[in-house]
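In case you want the letters, here they are:
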Amino acid sequence: MSKLLRIGSEHVGCKGKLAGGAVAALVTVYGVSKIYSHMITRSTRNEKQSHRNISGRRDATQDQTSEESGKSKAVSPGVNREFFLQLKKLIKLLIPGLWTKEFAILTLHTAALVSRTFLSIYVAKLDGRIVKSIVQRDVHQFLWQLSHWIFIAVPATFVNSLIRYLECQLALVLRSRLVEYAYKLYFENQTFYRVSNLDGRLTNADQCLTDDITMFTQALAHLHSHLSKPLLDVTLMSITLWRLARSRGASSRIPTVVAMVVIVITFKLLRSLSPRFGKLVAEEANRKGYLRYIHSRVIANAEEIAFYGGHKVELNLIRRSYKALSEQMNLIYWKRLWYIMLEQFLMKYVWSSSGMVMVAFPIMTTRARKSDGSLVDEDADGGVSDRTQYFTTSRNLLINAADAIERMISSYKEVTELAGYTSRVSEMLDVFVEVSHGKYERNVVISAQRHKGAQNKIEGPLEIRGKVIDTESSIIIEDMPIITPNGDVVVPSLSFKFHAGKHLLITGPNGCGKSSLFRIFSGLWPVYKGKLHKPPPSQMFYIPQRPYMSIGSLRDQVIYPDSLEDVRNKNLTDQDLEHILGIVHLQQIVHREGGWDAVQDWKDVLSGGEKQRMGMARLFYHKPQFALLDECTSAVSIDAESRIYQAAKDAGITLLTITHRPSLWKFHTHLLQFDGEGGWRLEELDTATRLSFNEEKQRLETQLAGIPKMQHRLRELCSILGEDSVLLRRNEEFTESSD
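Participant: Could you give me a rundown of the pattern of salt bridges, with the residues and numbers involved?
Facilitator: Inspection of the entire model under this criterion finds 20 salt bridges. Arg287 is paired through a salt bridge with Glu283; the nearest N and O atoms lie 2.8 Å apart. Of the two residues, Arg287 and Glu283 both sit in helix α9 (residues 277-300), 4 residues apart, roughly one turn of that helix. Grouping residues by exposure puts Arg287 and Glu283 together as buried.

As structure tokens, then:
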């Protein structure tokens, strides 16, 4: 091989061919860069068009025009100062200290990467010695070196497998740490409700909590392998190559200059032509989340869609969402196609030719000497075996160093993708923290049709200026408006006092603010103005019209949201729970469903009336001071409903009830009535008088309902008899005078 190199250096024609090949390579690189830039421009236009398409589809799906309440300039994710600040903040969350499991696995992973680098250097030198023994035809030396090769293979393969294992473990522990922190924020201060109902920055929190966190931690752990080990490889292998060149008396100046020039040119080209993978990946994650959101809507509203026969509409929505996702993924694949082609051309072929020059230069330009001062060329084989050993060792080291540099440069693409995941995860955590502290940003809907019952609308961001004060046994409202999260003012001002022991009936037309008042009492909606004095949440229990059935046993349905440990702390037994079910006439389901430990899909197993009675059973289990009952017994028979309400009053629970059933009026002492136009009145409830008025109203409605039919029949009789009617003539005259 050394002879071939020497012959190549001595022939001018060969040098000319090499120069011509170099020029051709440069021309090819220039041409590829121009073509690639043109392709990037075209694909960028496609990306913008695709983004406009999906935005238009989302607007059409929502059928509304929204305006950002706080107009802030959106910053696309990229490798910039913001990215490093976000990553630094997240790393502090992921690795909070030195004496943590995360730092221990990171240290082991780093140690495995370092040991793999030293093993690579040893294997490269061992490979050179094996080749030298083959060239020298030394069987004994060959077998001896081959035994070393077999021996080193065991720890080398173990370290390789260990690196992959520790990388997966590192990603898992980082994910576990981040998931635990994110879940804590998500379920703190009702953030899980507020982030989707009061704030509009996160459209798919479930996507961020699952896929985005997983992809972020995996990318971070993988990037550690692709940056720390290559840096160490380049450093140690460069030192080893320098020592090899020095041992042969050769200068490493020219090979170093060649390496630096090629690396800088490659990095500049790839950096300037690299697509914005961070922005592309972030948009892909957004579209994945939107597609999942569309699927979840179909699952949540399957019965209504089936009743309406709306499967074609939903199918079209899903198809459009999937098409938008596939277009984004195709755009990413298209850009990766040309980027990877350019990357492989530069790093595989250009670097290989440069590496041949770097390795061949010391061999062809110097005459190496041994440690005793004699020339290598004076050996029996003319120094062929020694040069072959040097060439093999240097080539292996150079290949490893080139691979390391290639991983470092190509990792820029991974860094940009990491920037996209970092941006989404960091934004999610920031939104969770701000929402938990009552800071909301929401797209205010601008439409011709205002919320039913709304008197006016607050333009711009909503400011929370009200105060919530905990009290012992009363509810006091001072000049508090009822405002929806969208800015609709349902009731401009509400003020009244209500003490425990009294029972309040709340009535009014749909959209007048009845359920909205309960949301404010429960802390779901903020108090934007005025003051609200109320008991703490532990003393107020809300039961909706459709009670939530959790995943778990029958016992879990009664004690929700308590756990079995909480039941034991309250010194309650299954017999006590069965007595509670007896109050709501559900004791038979214990035996019907197979006992307290039976696990079923309770939202499908229980009927509508049984689910409502289960909700009331929770009321008797928790025994709060105030009960907020929102049409919670509309599917229960009147007799059973009356007994349940009487049992609640006997238990000392103060009732605040929204209902349309007159049969429940007798269980309340006061009436809060909304008129649907922002007005309200609070008065004592005279049940007998109100019932008589209600009976008279129903009687008049029944009587008046038959008048149009009687008038129509009278006209028919007049037509048949050919006579006129005095009553019809009077009605017509009255109508004309009224007009």
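Participant: Outline the sheet that holds strand β9 (residues 540-543), supporting the account with residue identities and numerical values.
Facilitator: In spatial order, the strands read β9-β10-β11-β7-β12-β13; together these 6 strands make up an open sheet with mixed pairing. With one partner strand each, in any of the chains shown, β9 and β13 (680-684) form the two edges of the open sheet. Between one strand and the next, the sheet's axes are offset by a mean angle of 15 degrees, whatever the strand orientation. In terms of strand pairing, strand β10 (residues 626-630) meets strand β11 (residues 654-658) through 5 bridges, oriented parallel. Looking at the pairing, Ala627 lines up with Leu655 of β11. The sheet strands contacting helix α13 (residues 514-521) are β7 (504-507), β9, β10, β11 and β12 (670-674), and the helix crosses β11 at an angle near 140 degrees.

Participant: Let's hear about a nonpolar patch on the surface: which residues, and what values?
Facilitator: A cluster of nonpolar side chains, contributed by Val139, Leu143, Leu146, Trp149 and Ile150, occupies part of the molecular surface with about 460 Å² of accessible area. Mapping Val139 onto the fold places it in helix α5 (residues 139-186).

Participant: An account of the environment of Glu478 is needed here, citing residue identities and associated values.
Facilitator: Within the element layout of this structure, Glu478 appears in strand β5 (residues 474-483). Residues Glu478 and Gly466 lie 12 residues apart in sequence; the distance between their C-alpha atoms is 9.8 Å. With residues up to four places along the chain from it excluded, the contact list for Glu478 reads Leu494, Ser495, Gly530, Lys531 and His533.

Participant: Summarise the packing of aromatic side chains; cite the residues concerned and give the values.
Facilitator: Summed over all chains, the structure comprises 10 aromatic pairs. Ring geometry for Phe518 and Tyr542: centres 6.1 Å apart, planes at 80 degrees, overall edge-to-face. Highlighted residues: Phe518 in helix α13 and Tyr542 in strand β9, separated in sequence by 24 residues. The exposure class assigned to Phe518 is buried, which follows from its relative accessible area of 1%. Centre to centre, the rings of Tyr645 and Phe667 are 5.9 Å apart; their planes meet at 35 degrees, and the pair counts as tilted. In this pair, Tyr645 is assigned in helix α20 (residues 638-650) and Phe667 in the loop between β11 and β12, connecting sequence segments 22 residues apart.

Participant: Please provide a residue-by-residue account of the confidence of the model for the protein, values included.
Facilitator: Residues with a pLDDT of 70 or more make up 75% of the protein, whose mean pLDDT is 77. Every residue in residues 1-74 scores below 50 in pLDDT, and together they form 71 contacts with partners more than four places removed in sequence or on other chains. Below pLDDT 50 for its whole length, residues 446-450 participates in 6 contacts with residues either more than four positions away or in separate chains.

Participant: Mind laying out the environment of Tyr290, listing which residues take part and the relevant values?
Facilitator: Here Tyr290 shows up in helix α9. On the basis of relative accessible area, Tyr290 is assigned to the buried category, the value being 9%. For the pair Tyr290 and Asn204, spaced 86 residues apart in sequence, the C-alpha to C-alpha distance is 7.0 Å.

Participant: Before we move on, could you go through the side chain of Ser516 and cite the residues and values that matter?
Facilitator: Tracing the backbone through its elements, the reader meets Ser516 in helix α13. For Ser516, a relative accessible area of 8% corresponds to the buried category. Contacts of Ser516, omitting those with residues within four sequence positions, involve Ile482 and Trp525.

Participant: Describe α20, and please don't skip the residues or the numbers.
Facilitator: The terminal C-alpha atoms of α20, which comprises 13 residues, lie 18 Å apart, in line with the 18 Å expected from a rise of 1.5 Å per residue. Buried residues of α20: Ala640, Glu641, Ser642, Ile644, Tyr645 and Ala648, and no others. In this structure, the buried side of α20 is in contact with α16 (574-583), α19 (608-622), β10 and β11. Positive phi appears at Gly652, one or two residues downstream of α20, with a value of about 80 degrees.

Participant: Just give me the short version of the packing of α16 against α19, but keep the residues and values in it.
Facilitator: Relative to each other, α16 and α19 sit at 125 degrees, their axes nearing to 9 Å. Looking at the two axes, α16 sits oblique to α19. Remark: the crossing between α16 and α19 carries right-handed chirality. Taking contact as the criterion, the partners of Leu577, Ile580, Leu581 and Ile583 in α16 are, on α19, Met614, Ala617, Phe620 and Tyr621. Residue composition of the contact of α16 with α19, grouped by class: 8 nonpolar, no polar and no charged.

Participant: Give me helix α3 (residues 81-94): which residues, what numbers.
Facilitator: Counted at 1.5 Å a residue, the expected span for α3 with its 14 residues is 20 Å, and the 20 Å between its end C-alpha atoms agrees. Turning to α3, its buried residues are Phe83, Gln86, Leu87, Leu90 and Leu94. The buried side chains of α3 occupy one side of the element, clustering within an arc of 100 degrees when seen end-on. Structural note: α3 exposes Arg81, Lys88 and Lys92 on the side pointing more than 90 degrees away from its buried face.

Calculation criteria
Residues numbered from 1 in each chain as written. Predicted model: local features only at pLDDT ≥ 70, side-chain atom pairs only at ≥ 80, totals over all residues. Heavy atoms only, no water. Salt bridge = Lys/Arg side-chain N within 4 Å of Asp/Glu carboxyl O. Helix = DSSP H or I, 4+ residues; strand = E, 2+ residues; numbered from the N terminus. Buried < 20%, exposed > 50% of the residue type's maximum accessible area, 1.4 Å probe, protein only. Pairing = 2+ DSSP bridges. Axes fitted to C-alpha atoms, helices over the stretch in contact; angles between N-to-C directions. Contact = heavy atoms within 4.5 Å. Patch = residues over 30% accessible without salt bridge, like charges linked within 9 Å, V, L, I, M, F, W, Y side chains within 5 Å. Areas by Shrake-Rupley, 256 points an atom, 1.4 Å probe, with all protein chains shown as cover. Phe/Tyr/Trp six-rings, centres within 6.5 Å; stacked < 30°, edge-to-face > 60°. pLDDT = per-residue confidence, 0-100. Expected span 1.5 Å × (residues − 1). Parallel < 35°, antiparallel > 145°, perpendicular 65-115°, else oblique. Left-handed = near helix turned anticlockwise from the far one by under 90°. Nonpolar A, V, L, I, M, F, W, Y, C, P; charged D, E, K, R; others polar. Arc of directions from axis to C-beta.

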